Amino acid sequence: LLTGPSDPPLSDEAPFETVIDAAGIHYRKLAAQRRVVSALPAIEPILEQAGMARAKSDWDGALELYKKALFLVDASDTHSQASLYAHVAEVKLAQGKSREAVVAIREAIRLNPRDHRFHRNLGAALHELGKADDAVAAARVALQLKPDDPLCHYLLGLLLTAQGKLDDAAAAYREAIRLKSDHA
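Caption draft 1: The arrangement of the overall build of the protein in detail. Within the protein, the secondary structure is distributed over eight helices and two strands. In sequence order, the secondary structure elements of the protein are arranged as β-β-α-α-α-α-α-α-α-α. A total of 184 residues make up the protein; the buried ones form 38% of that total. Taking as baseline every contact in the protein between residues at least 6 positions apart, the subset at least 24 positions apart corresponds to 45%.

Take a look at the structure:
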């Protein structure tokens, strides 16, 4: 196996699997053989650094940090994995890489299908790709999961406006405004 300078060190990590996904190529110990190593940095500081990189629009830096976190997170922690893939998708969208964002957010949904935010973000990414009907369907799933989220209604309004369904869009916008004022 060949690794590059940006790959995590593999000493004492064999046997491992090569994982190719929206975050790129990385290596991870097989789930059955992964162990906690106290020398590994905690995930929280990595996420904090990634947030700072995003605040500076350092998308490549943020993406590299999310890849590192994906490598370190326990294979059985699907909630954390899903959140990390969602962050990867957000960065890919910011980079204008909508197709890669869709791949990442679909992985997040596979890992945690009950999180409305992932479906909402999938709708936004699909809209960027011009897949209007699929985008609306994703927004509607998000609304089924969290009907009181004003952002879901707002996104649905945007998507329906883009489709020329102005009456339905107006109803979605009104509901977003009503919910937003209820939460104020």
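The structure having been displayed, the exposition proceeds.
Caption draft 2: Main features of the packing of aromatic side chains. One pass over the full model with this rule turns up one aromatic pair. An angle of 55 degrees between the planes, with centres 5.8 Å apart, marks the rings of Y154 and Y173 as tilted. Note that Y154 is positioned in helix α7 (residues 150-162) and Y173 in helix α8 (residues 166-183), a separation of 19 residues in sequence. Taking relative accessible area as the criterion, Y173 reaches 24% and is therefore assigned partly exposed.

Caption draft 3: Representation of unusual backbone geometry. Although it is not a glycine, S57 adopts a positive phi angle of roughly 60 degrees. On the secondary structure map, S57 appears in the loop between α1 (43-55) and α2 (59-72). A relative accessible area of 46% means that S57 is categorised as partly exposed.

Caption draft 4: Local environment of the environment of V141. Within the secondary structure, V141 sits in helix α6 (residues 132-145). Judged by its relative accessible area of 30%, V141 falls in the partly exposed class. As a C-alpha pair, V141 and H116 span 25 residues in sequence and 7.4 Å in three-dimensional space.

Caption draft 5: Structural view of the nonpolar core. The biggest cluster of nonpolar side chains holds 43 residues, and the ones touching the most others in it are Y66, I105, A108, F118, L122 and L156. Counting only elements with at least two residues in this core, the list comes to α1, α2, α3 (78-94), α4 (98-111), α5 (116-128), α6, α7 and α8. When residues in this core are grouped by element, the largest group, eight residues, is from α2. Apart from the residues within four sequence positions on either side, A108 is in contact with A82, Y85, A86 and F118.

Caption draft 6: Summary view of α5. In this model α5 runs 19 Å from its N-terminal to its C-terminal C-alpha over 13 residues, within 8% of the 18 Å that 1.5 Å per residue would give. Buried residues of α5: H116, F118, H119, R120, L122, G123, A125 and L126, and no others. Those residues of α5 hidden inside the fold are in contact with α3, α4, α6 and α7. Phi turns positive one or two residues past the end of α5, at G130, with a value near 80 degrees.

What counts and what doesn't
Residues numbered from 1 in each chain as written. Predicted model: local features only at pLDDT ≥ 70, side-chain atom pairs only at ≥ 80, totals over all residues. Heavy atoms only, no water. Helix = DSSP H or I, 4+ residues; strand = E, 2+ residues; numbered from the N terminus. Buried < 20%, exposed > 50% of the residue type's maximum accessible area, 1.4 Å probe, protein only. Contact = heavy atoms within 4.5 Å. Phe/Tyr/Trp six-rings, centres within 6.5 Å; stacked < 30°, edge-to-face > 60°. Core = buried A, V, L, I, M, F, W, Y, C linked by side-chain atoms within 4.5 Å. Expected span 1.5 Å × (residues − 1).

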